[in-house]
Amino acid sequence: MADLSTTVGGVKLSCAIYNASGPKSGHASDLVNVGASRAGAVLSKSATLKKQTGNPFPRLKKVGLGGVLCDGSINSEGLPNSGIEYYVGAEVLDAVGATGKPYIVSLSGLTVADNVEMLGQVAAAAQSGKIAAVELNLACPNIPGKPTVALDFEQMADVVGQVLGHKGFEASGLPLGLKLAPYFDGPHYDRAAAIINRHAERIAYVVTMNTIGNCLVVDTATESALISPKGGFGGIGGGFCKPVALANVAQLRSRLHPSIDVVGVGGVRTGEDAFQLILAGATAVQMATQHWLEGAGAFDRVAAELAAIMASKGYSSIADFKGKLKPYDRANKPLEPPDALSPTGPPKAAPGWALYALAALALLPAVLAVALR
Ligand code: DHB
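In this report, the structure presented in the accompanying data block is examined. Computed from a prediction, not measured in an experiment: that's the story for all the values here.

The rules behind each value
- Residues numbered from 1 in each chain as written.
- Predicted model: local features only at pLDDT ≥ 70, side-chain atom pairs only at ≥ 80, totals over all residues.
- Heavy atoms only, no water.
- Near = heavy atom within 4 Å.
- Polar contact = N/O pair within 3.5 Å; in protein donor to acceptor, adjacent residues only side chain to side chain.
- Areas by Shrake-Rupley, 256 points an atom, 1.4 Å probe, with all protein chains shown as cover.
- Salt bridge = Lys/Arg side-chain N within 4 Å of Asp/Glu carboxyl O.
- Helix = DSSP H or I, 4+ residues; strand = E, 2+ residues; numbered from the N terminus.
- Buried < 20%, exposed > 50% of the residue type's maximum accessible area, 1.4 Å probe, protein only.
- Axes fitted to C-alpha atoms, helices over the stretch in contact; angles between N-to-C directions.
- Parallel < 35°, antiparallel > 145°, perpendicular 65-115°, else oblique.
- Left-handed = near helix turned anticlockwise from the far one by under 90°.
- Contact = heavy atoms within 4.5 Å.
- Nonpolar A, V, L, I, M, F, W, Y, C, P; charged D, E, K, R; others polar.
- Phe/Tyr/Trp six-rings, centres within 6.5 Å; stacked < 30°, edge-to-face > 60°.
- Lys NZ or Arg CZ within 6 Å of the ring centre and 35° of its normal.
- Core = buried A, V, L, I, M, F, W, Y, C linked by side-chain atoms within 4.5 Å.
- Pairing = 2+ DSSP bridges.
- Right-handed = clockwise from strand over helix to strand, strands pointing away.

Residues in close proximity to the ligand total 13 residues, the closest being G78, L79, N137, N142 and N210. One of the side-chain nitrogen or oxygen atoms of K45 is found 3.1 Å away from an oxygen atom of the ligand. N137 places a polar side-chain atom, nitrogen or oxygen, 2.7 Å from an oxygen atom of the ligand. About the coverage of the ligand: the protein hides 94% of its 290 Å² of free accessible area.

Side-chain pairing between opposite charges can occur once the charged atoms of the two side chains come close. Counted under the stated rule, the structure contains 11 salt bridges. Note that K45 is salt-bridged to E77, the shortest N-O span being 3.9 Å. With K45 in the loop between β4 (42-43) and β5 (60-63) and E77 in the loop between β6 (72-75) and α2 (84-87), the pair connects residues that are 32 residues apart, well separated along the chain. Here K45 matches E77 in class, with each residue buried. When salt bridges with common partners are traced through the structure, they connect K45, R59 and E77 into a single cluster.

In this section: the packing of helix α4 (residues 112-125) against helix α5 (residues 153-164). The geometry of α4 relative to α5 is characterised by a closest axis approach of 10 Å and an angle of 25° between their N-to-C directions. Viewed along their axes, α4 and α5 adopt a mutual orientation that is roughly parallel. When the axes of α4 and α5 are compared, the crossing they make is right-handed. Counting all contacts with α4, which are made through V112, N115, V116 and L119, the residues of α5 involved are V159, Q162 and V163. For the contact of α4 with α5, the per-class residue count stands at 5 nonpolar, 2 polar and no charged.

Once that is clear, we can look at the packing of aromatic side chains. For any pair of aromatic rings, the description rests on two quantities: the centre-to-centre distance and the angle between the ring planes. Under the defined criterion, the tally for this structure stands at 6 aromatic pairs. Aromatic side chains F275 and Y315 sit 6.4 Å apart centroid to centroid with 15° between the ring planes, which places their arrangement in the stacked category. Of the two residues, F275 sits in helix α9 (residues 271-279) while Y315 sits in the loop between α11 (297-313) and α12 (352-372), which places them 40 residues apart along the sequence. Look at Y315 and F321: their rings are 5.4 Å apart centre to centre, the planes differ by 20°, and that puts the pair in the stacked class. Each member of the aromatic cluster is reached from another via a ring pair, and the members are F153, Y183 and Y189. Directly above the aromatic system of F57 lies the positively charged group of R59, at a separation of 4.1 Å from the ring centroid.

On to the nonpolar core. Core analysis: the largest hydrophobic core is formed by 109 residues, its most contacted members being Y18, Y103, L107, I131, M156 and L306. Here the element with the most residues in this core is α11; it accounts for 8 residues. Among residues more than four places away in sequence, those in contact with Y103 are L31, V42, S44, Y87, V92, L93, V96, K130, I131, A132 and A133.

Attention now moves to the sheet that holds β5. Ordered by their spatial adjacency, 4 strands build an open sheet running β5-β6-β14-β11, and the pairing between neighbours is antiparallel. The outermost strands of the open sheet, each flanked by one partner alone, are β5 and β11 (212-216). On average, each strand axis in the sheet is inclined to that of its neighbour by 40°, with strand direction left out of account. As judged from the 3 bridges shared by β11 and strand β14 (residues 233-237), these two strands associate in the antiparallel manner. Its bridge partner being in β14, I212 is matched across the sheet by I236.

In this structure, the amide linkage connecting F57 to the following residue, P58, adopts the cis form with an omega of -10°. Among the secondary structure elements, P58 is positioned in the loop between β4 and β5. A positive phi is found at L79, a non-glycine position, where the angle reads about 55°. Structurally, L79 can be placed in the loop between β6 and α2. Positive phi outside glycine occurs at K230, with the angle close to 50°.

All right, on to the pairing of strand β10 (residues 203-208) then. Two faces belong to every sheet, and in a regular strand the side chains alternate between them. Summarising burial for β10: 6 of the 6 residues are buried, a large majority. The pairing of strand β9 (residues 176-180) with β10 spans 5 bridges and is parallel. Bridge pairing in β10 links L180 to T208. Crossover β9 to β10 through helix α7 (residues 186-197) is right-handed.

What follows is the structure, given as structure tokens:
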């Protein structure tokens, strides 16, 4: 049997797949369902200082062809959540604790001061021994009027510095992870990685990536945006995101200090998706859209599929293939006929003799007509 266990920022996980902070992570019952599945950890919905109801409905929709394995989703929920007191309160800590899985608290303060205050509350609650780590969300794109912190590098550096300055949180010893936005260009990876590497001894891991923010999905029938908040602009999740997530995992893995783990999230629907993200450098993967559509059974299915792929390749542990993505190598592939859709250069000219033969054939009736007149 393939061993799916891993570690994230020093926290031991029995399985390298768990939930993303997002749908089905806001209530104790959701979190218990995750903990009762094969998921290796339980992550809360991003908490704000005070509970809030979020943006107007409809604010979360499936996008694409439909079916269980879905192309994706668009969301602009606006951080509906029960407030930090709930996520570090006895009801949640006891319920998740009973599942035996490590519990990670996600924070997404509306201000830096809110994040700092919440860290104090998490540190106090961690004395119970029932909190394993904190994931600080720097990438929620859905709060009207608030830019995405991880896309504004000055702000990101400031927030990270202030959060790490919290003495009570430091004393708690809890590992800190940062949830990042997707990046699309070399200099942006460089700048994000430089900010994180400056604090390599305190930042245990990064989670990449949040949704592709501020996208627009149009409903042709109604000629309107698919969701209501923020003029219809929302974060794209699910299958559409996988190539972006793979790139973000690989690009950050190659830039970050080796002590900083990378957790991959974006477009994981199958064990093969999880396998690919781990190959690109992820130490574990999270699922959001697929968890929302399929429920916590998705963790059991994807874990079984990942184990089957590992077995078929002769891998017995995550370490056997983590970060071992190879560059394209012609020697790995049999020579294929050129793809009909790929540009293969200008069409080849017909050989000269063929052209003469064709011309002779075309002229034959005229020649015969003259000869027989
Ligand atoms: C929400 C969306 C996010 O992408 C996120 O990181 C946090 C919250 C939301 O709209 O609720």
